[in-house]
Amino acid sequence: MGYRMDRTEWKAVFDELGKTYRLFAPVRKIGEGRFTDVDVIRYDFVEDPDEIVWDERSDYSFKDSLIPLSETMFFFTEDQVKEASIDERPVIVFLRPCDLNAVKRLDQMYMDNGPDNDWFYERRRNKISFALMGCDRACENSFCVDMGANKSDEYAFSIDMEGDGFVSDVKDEKFVKAFADHAGSEQAVEPHYITESEYHVERPEDVPLSIFNDEMWDEYTRRCINCGRCNFVCPTCTCFTTQDVFYTDNGRVGERRRVNASCMVDGYTDVAGGLQFRKTNGERMRFKVLHKVYDFRKRFGYDMCVGCGRCDSVCPEYISFANCINKLNRRVEELEAEK
């Protein structure tokens, strides 16, 4: 069911939703960027729809709502373990089509990747509904169209700016009343989405084993500084480590935390004896690229990367992931031609 609203009507709908739900959306944080005169757009809880940034992609993704940077899993004493509690109120997360497609990837990794679901992820996931913010133009460095992530219909309701007002397509019945009571006229609505990204990528259908030791990855050993920023802004990176924090010297009282980790950062592949599986930054880049656009697809049938372009925008060494994908494809074609 679709609705057209002016700003006053949309605010009334927003306020009505806020009575039951916490609303999590991209917000501009003044002066909180890399420098004091640089802003950053990141997710936060909002109480006014005017706080939401509609016309720019957020610098950081929504995934903190599902997999926080640091999350206490449980507390322990010498003879007891208690699961950490979370805010039980339901949440509405406002996100763009690429990020809504990223939810599918997170669900795949945490809830459909073995015999048991990840309980800590699932308890947060069950409390979240997603509101789709449509795109009227391609985001900087994006290649979501070629990754098939420029549109999605897996939303509870959509919300788009149109002229001086807003339009919404409401799919989840539990939100119909809020819109019907406060919105304007009913009409058919289709969420906004783009058909042309800023960049184009071509992905290989298959890769030869020789690509794992190919010299193409040496470039990234020289250029990458393994800061991990690409991983932390990525909406589909899911890796984490666990840390025990002890409150007493005897180590018998404390908490266990789940903390985001990164394949591009030192220590991620360290094992007993001080060995490392991927020592160079080029080897780490190889792992990341192949996982995002080949290995994940081989296992689940679709690519992990959604082409949002955040990693390109945040890299201090100006490494483009879109270029990485295209270089991989060209190198595979060269290797095939050399046979």
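A quick note: this is a predicted structure, and the numbers were derived from the prediction, not measured. (Residues numbered from 1 in each chain as written. Predicted model: local features only at pLDDT ≥ 70, side-chain atom pairs only at ≥ 80, totals over all residues. Heavy atoms only, no water.)

*Asks:* Break down the state of the cysteines for me, citing the residues and quoting the values.
*Replies:* Going through the model one piece at a time under the given rule, you end up with zero disulfides. This cysteine, C263, is not joined by any disulfide, and C237 carries the nearest cysteine sulfur, 5.9 Å off. Here C263 falls in the buried class, since its relative accessible area comes to 8%. C98 provides the cysteine sulfur closest to C308, a residue in no disulfide bond, and the two sulfurs are 5.4 Å apart. By relative accessible area, which is 8% here, C308 ends up buried. (Disulfide = S-S within 2.5 Å. Buried < 20%, exposed > 50% of the residue type's maximum accessible area, 1.4 Å probe, protein only.)

*Asks:* So, the pairing of strand β9 (residues 165–169): which residues are in play, and what are the values?
*Replies:* With five of five residues buried, β9 is to be regarded as a mostly interior element. With burial as the criterion, each face of β9 is covered, one bearing G165, V167 and D169 and the other bearing F166 and S168. Both strand β1 (residues 2–5) and β9 contribute to a ladder of four bridges, which runs antiparallel. Directly across from Y3, in β9, lies its bridge partner S168. In this sheet, β9 lies alongside strand β8 (residues 157–162) in antiparallel orientation, the contact comprising three bridges. Bridge pairing links E162 to G165 in β9. (Helix = DSSP H or I, 4+ residues; strand = E, 2+ residues; numbered from the N terminus. Pairing = 2+ DSSP bridges.)

*Asks:* Hey, could you go over the sheet that holds strand β3 (residues 40–46) for me, with residue numbers and the actual values?
*Replies:* Reading across the sheet, the seven strands line up as β1-β9-β8-β7-β6-β2-β3 and stay open at both edges, with mixed pairing between neighbours. Every interior strand has two partners, whereas the edge strands, β1 and β3, have only one. Taking each pair of neighbouring strands and ignoring which way they run, the sheet shows an average axis angle of 25°. Running over the sheet, helix α1 (residues 7–18) touches β1, β2 (22–29), β3, β6 (91–95), β8 and β9 and is turned about 120° from β1. The strands touched by helix α2 (residues 97–111) are β3, β6 and β7 (128–133); relative to β7, the strand with the most contacts, the crossing angle is about 150°. (Axes fitted to C-alpha atoms, helices over the stretch in contact; angles between N-to-C directions. Contact = heavy atoms within 4.5 Å.)

*Asks:* Account for empty space enclosed by the protein, with residues named and values stated.
*Replies:* Summed over the entire model, instances satisfying the criterion amount to six cavities of 30 Å³ or more. Estimates place the volume of the largest cavity at around 170 Å³. Within the residue set of the lining of the largest cavity, elements represented by two or more residues are α6 (229–233), α7 (281–300) and α8 (310–314). Here the second largest cavity defines a volume of roughly 130 Å³. Around the second largest cavity, the lining is made up of 18 residues, and of these C234, K292, C305, C311 and F321 lie nearest the centre. Mapped by element, the contributors of at least two residues to the lining of the second largest cavity are α6, α7 and α8. Within the lining of the second largest cavity, the residues separate by chemical class into eleven nonpolar, four polar and three charged. (1 Å grid on protein atoms, 1.4 Å probe; cavity = no way out; pocket = protein on both sides within 12 Å on 5 of 7 lines; lining within 4 Å. Points joined across faces, edges and corners; volume = space filled by probe spheres on them. Nonpolar A, V, L, I, M, F, W, Y, C, P; charged D, E, K, R; others polar.)

*Asks:* So what's going on with the pattern of salt bridges? Residues and values would help.
*Replies:* Summed over all chains, the structure comprises 27 salt bridges. Here K177 and D181 are joined by a salt bridge, their closest N and O atoms 2.6 Å apart. A residue pair is termed a helical-turn pair when its members lie 3 or 4 positions apart in one helix, as K177 and D181 do in helix α4 (residues 176–182) at four residues. The class of K177 is exposed, set by a relative accessible area of 59%. With its nearest N and O atoms 2.9 Å apart, the salt bridge here joins R297 to D303. Judged by its relative accessible area of 15%, R297 falls in the buried class. Salt bridges here are not isolated pairs; linked through shared partners, they connect D214, R331, E334 and E338. (Salt bridge = Lys/Arg side-chain N within 4 Å of Asp/Glu carboxyl O.)

*Asks:* Could you give me a rundown of the layout of surface pockets, with the residues and numbers involved?
*Replies:* Considering only enclosed or pocket space, the largest pocket measures out at about 820 Å³ in volume. Along the walls of the largest pocket sit 38 residues, with E56, R57, S58, D59 and E140 positioned nearest its centre. The element that contributes the greatest number of residues to the lining of the largest pocket is α8, accounting for four residues. In the lining of the largest pocket, the residues fall into 15 nonpolar, seven polar and 16 charged.

*Asks:* Hey, could you go over helix α9 (residues 321–337) for me, with residue numbers and the actual values?
*Replies:* With 17 residues, α9 ought to run about 24 Å at 1.5 Å a step, and its terminal C-alpha atoms sit 24 Å apart, in line with that. Of the positions making up α9, those classed as buried are F321, A322, C324, I325, N326, L328, N329, R331, V332 and L335. If you follow the buried residues of α9, they end up packed against α5 (218–223), α7 and α8. Measuring from the backbone nitrogen of A322 back to the side-chain oxygen at the start of α9 gives 3.4 Å, which picks out S320 as the cap. (Expected span 1.5 Å × (residues − 1). Polar contact = N/O pair within 3.5 Å; in protein donor to acceptor, adjacent residues only side chain to side chain.)

*Asks:* Explain the nonpolar core to me, using residue names and the numbers behind them.
*Replies:* With 28 residues, the main nonpolar core has F143, I211, W217, M285, V289, F321 and L328 as its most contacted residues. Listing elements by their share of this core, those giving two or more residues are α7 and α9. For this core, the leading source of residues is α9, giving seven residues. Once residues lying within four places of it in the same chain are set aside, the contact partners of F321 are F143, K288, V289, K292, C305, C311 and D312. (Core = buried A, V, L, I, M, F, W, Y, C linked by side-chain atoms within 4.5 Å.)

*Asks:* Before we move on, could you go through the side chain of K63 and cite the residues and values that matter?
*Replies:* For K63, the location among the structural elements is in the loop between β3 and β4 (70–76). Among the polar contacts made by the side chain of K63, one reaches the main-chain carbonyl oxygen of C234 at a distance of 2.6 Å. When near neighbours in sequence (up to four residues on either side) are disregarded, K63 contacts P68, L106, N231, F232, C234, P235 and C237.

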